[in-house]
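Each chain, written out:
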Amino acid sequence: MSENSYFIGVDVGTGSARAALVSTSGEILAESTYATTTYRDEKDSDIFEQSTTEIWDSISKACKDVLRDAKVSKDDVKGIGFDATCSLAVTNKEGVPMSVTNNAWGAGQGKRDIILWADHRARKEAAEINATGSSVLKYVGETMSLEMELPKIVWLKRHMPAELFTQSMFFDLPDYLTYRATNDLARSNCSLACKCSYVPPGIEGSKGWNAELFETIGLTDIAKDGFRSVGGVPGETGLVLTAGQPVGRGLSAQAAQELGLNEGTAVGSGAIDAYAGWIGTIAAPMPDLGISEVNLKESRHRLAAIAGTSTCHIVQSPEAVFVPGVWGPYLHAVFPGYWMNEGGQSSTGQLLDFMLETHPAWNKLLEVSKQKGVNHFVYLGQLLDELMKEEKAPFLTYLTKDLHIYPDLHGNRSPLADNLMRGAIVGLKLDRGVKDLALRYLATCEAIALQTRHIIEEMNKRGHDIKYLFMSGGLVKNKVLMQLLADICKMPVQLPFSHSASVVLGSAMLGAAAYAEHSKNGDIKSQDVAEKRSNEMSAELWSLMTKMSRPGSTVLPKEGNDKERKLLEVKYKIFHAMIDQQRQFRKDVEEALA
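Residues numbered from 1 in each chain as written. Predicted model: local features only at pLDDT ≥ 70, side-chain atom pairs only at ≥ 80, totals over all residues. Heavy atoms only, no water.

Undergrad: When you look at the side chain of S32 in this model, what are you seeing that I'm missing?
TA: If you trace the backbone, S32 turns up in strand β3 (residues 28–35). When its relative accessible area of 9% is taken as the criterion, S32 is described as buried. Only 2.7 Å separates the side chain of S32 from the side chain of D65, close enough to count as a polar contact. Each residue touching S32, except ones within four places of it in the same chain, is listed here: A17, R18, A19, A62, D65 and V66. (Helix = DSSP H or I, 4+ residues; strand = E, 2+ residues; numbered from the N terminus. Buried < 20%, exposed > 50% of the residue type's maximum accessible area, 1.4 Å probe, protein only. Polar contact = N/O pair within 3.5 Å; in protein donor to acceptor, adjacent residues only side chain to side chain. Contact = heavy atoms within 4.5 Å.)

What follows is the structure, encoded as structure tokens:
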């Protein structure tokens, strides 16, 4: 590639759409972000909806911004990649947005055509799918989450007018974005395998989609139509690509005009945002540990934790590893022939915000932080330092030795796969002050780290060999949490070169891979060609990842304080006891009301 070649990565998170312009060496030349709207229902707290129209408009503005700010010509932008949350986007057969809002159905009706990942309306449908005992469940950690797309599609089948449902197409959001960009219906293996109940052909006789499951849960019409509305059967009614393979002929004329780019600019097959975070971080060198380079197979020792509103924990392996309560194993999720598992915490950044904002001292914290001219998280750190001096604490976690928080306020994603789990606090005092708020903040960070250890231990018990934790996302800025992760998980925590750009960098790498592949071999027009070229381009994608990944810094577990280590082990024991007690309480209540 020419040094004058540039790539755009697009990342659609829970609350914003972002674009970054990236050089061939991985340098972020410009970034632009626009907030997006999440629509809630006052009568139903399970409802979370968004708009593809608003998201695409935000992407368009952000792409034009980065070209302007970096003073780079659109002629020098050779590829673009997209990632997004695992949310369900719905259109009609012509690609017109289809409302998913109860009592406001139809193409073009309002703006709300996305059921967000956090939407829990399909709780009943998920339970019914899990009760089928389908072989598909083996490849989602034995329990399909209500965050995934199939339960949401079943919910729509039951609530949408029948004539509108039959007109609909259903996309995991990353695939919707590549469709919007190219007018090509090719789907990504990442989205289909990880979130849509698709098991790649060749696994235990799978043909991709499981017709028996679809018929059992009331989606017979989708199966009879060759699964076209969800992506199609590969090689028959659909085309499925691995990450970074070129989609169609690149940007359509309309999309190019909207994005400020050239028609035909290469578009890489997309990825779910967490997987783009894995792509953008996992190949980075670790200079603090003397590790300059890692090969694709050795990436199995690195767990990527993409931490923002929620946190996803992703690890790749050359063989299938089955971990109950952890999603996967997913074949070809990024690299063909490799498997990936995905753990997760439904609320992390969201949890920290909630715990702070609901404390009586929240407004006082904001007021004093503003007076001191510092971010409120910085001031919380100062308060903890003061408390250590006042209490003559030998180490930070001594301050919360009698305060324990269980973090699943929005259900457990991994490794319990139990959406009925709820949060708990033991050790509350009659204290409304900002120092008590600081202690609650510290205990919440501990809870997030303890749950991360729980996920890692379950993965390693079942066959993974995780030795390093690679972080990205907004929570990387939280120094207290990063040190707790290293100490509680007992492993080095690698921080990225840029906390804000890791995910969008991964998307840019997909655009670079698509450009490299398309330049050599042209369009992909059949499944046979896609599969042959997928294997050939693996080395190219990994090479791009190592070339475009810049070194960050490493947080090591603290040494030399035996009492702190013992306290953290006790805290981990209490964490597990709080799980057992909550489940016993729930059982007792159910028996009483039976």
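Once you've had a look at it, read on.
Undergrad: Whenever I open this one, the nonpolar core confuses me. Can you help?
TA: Note on soluble globular proteins: their nonpolar side chains tend to be buried together. L156, Y275, W278 and M545 are the most contacted members of the largest nonpolar core, which totals 93 residues. When residues of this core are assigned to their parent elements, the largest contribution, eight residues, is made by helix α16 (residues 502–521). Formed by 64 residues, the second largest nonpolar core is a distinct cluster that contains V315, V321, L383 and I579. (Core = buried A, V, L, I, M, F, W, Y, C linked by side-chain atoms within 4.5 Å.)

Undergrad: Please clarify how the sheet that holds strand β1 (residues 6–12) should be interpreted in this entry.
TA: Hydrogen bonds between backbone atoms are what pair the strands of a sheet, whose relative direction is either parallel or antiparallel. The five strands are arranged β3-β2-β1-β6-β14 in an open sheet whose pairing can be described as mixed. Only two strands of the sheet have a single partner each, and these edge strands are β3 and β14 (266–272). Strand-to-strand twist of the sheet, defined as the mean angle between neighbouring strand axes without regard to direction, takes the value 15°. Sheet strands touched by helix α1 (residues 52–70): β1, β2 (16–23), β3 and β6 (77–84). Its angle to β3, the strand with the most contacts, is close to 150°. (Pairing = 2+ DSSP bridges. Axes fitted to C-alpha atoms, helices over the stretch in contact; angles between N-to-C directions.)

Undergrad: What's the story with the packing of helix α14 (residues 434–461) against helix α15 (residues 479–489) in this structure? I'm lost.
TA: Any two packed helices are characterised by the angle at which their axes cross and by the distance between the axes. Interhelical geometry of α14 versus α15 gives an angle of 40° and a closest axis separation of 9 Å. Taken together, the axes of α14 and α15 are oblique relative to one another. Handedness of the α14/α15 crossing: right-handed. The segment α14 lies against α15, with Y441, L442, C445, E446, I448, A449, L450, T452, R453 and I456 engaging V480, L481, L484, L485, I488 and C489. Class assignment of the residues belonging to the contact of α14 with α15 gives a composition of 13 nonpolar, one polar and two charged. (Parallel < 35°, antiparallel > 145°, perpendicular 65-115°, else oblique. Left-handed = near helix turned anticlockwise from the far one by under 90°. Nonpolar A, V, L, I, M, F, W, Y, C, P; charged D, E, K, R; others polar.)

Undergrad: Would you take a moment to explain α16 for this structure?
TA: Owing to its 3.6 residues per turn, the α-helix aligns residues three or four sequence positions apart on the same side. Under the 1.5 Å per step criterion, the end-to-end length of α16 is 29 Å for 20 residues, consistent within 8% with the ideal 28 Å. Taking burial as the measure, the 20 residues of α16 include 15 buried ones, the bulk of the element. (Expected span 1.5 Å × (residues − 1).)

Undergrad: Explain the packing of helix α2 (residues 123–131) against helix α3 (residues 149–159) here, please?
TA: Two elements in contact, α2 and α3, have axes whose closest approach is 8 Å; the angle formed by their N-to-C orientations is 115°. α2 and α3 meet at a crossing whose hand is right-handed. For the pair formed by α2 and α3, the contact residues are K124, E125, A126, E128 and I129 on the first element and L150, P151, V154, W155, R158 and H159 on the second. Split into classes, the residues belonging to the contact of α2 with α3 amount to six nonpolar, one polar and four charged.

Undergrad: I would appreciate a short explanation of the pairing of strand β5 (residues 44–50) in the present structure.
TA: Working note: regular strand, side chains alternate between the two faces of the sheet. A large share of β5 lies buried, amounting to five of its seven residues. Relative to β5, strand β4 (residues 39–41) runs antiparallel, the two sharing three bridges. Note on β5: the bridge partner recorded for D41 is D44. Connecting β4 to the antiparallel partner β5 that follows it, the hairpin turn spans two residues. Of the strand pairs in this sheet, β5 and strand β10 (residues 114–115) are connected by two bridges, and their pairing is antiparallel. If you follow Q50 over to β10, its bridge partner there is I114.

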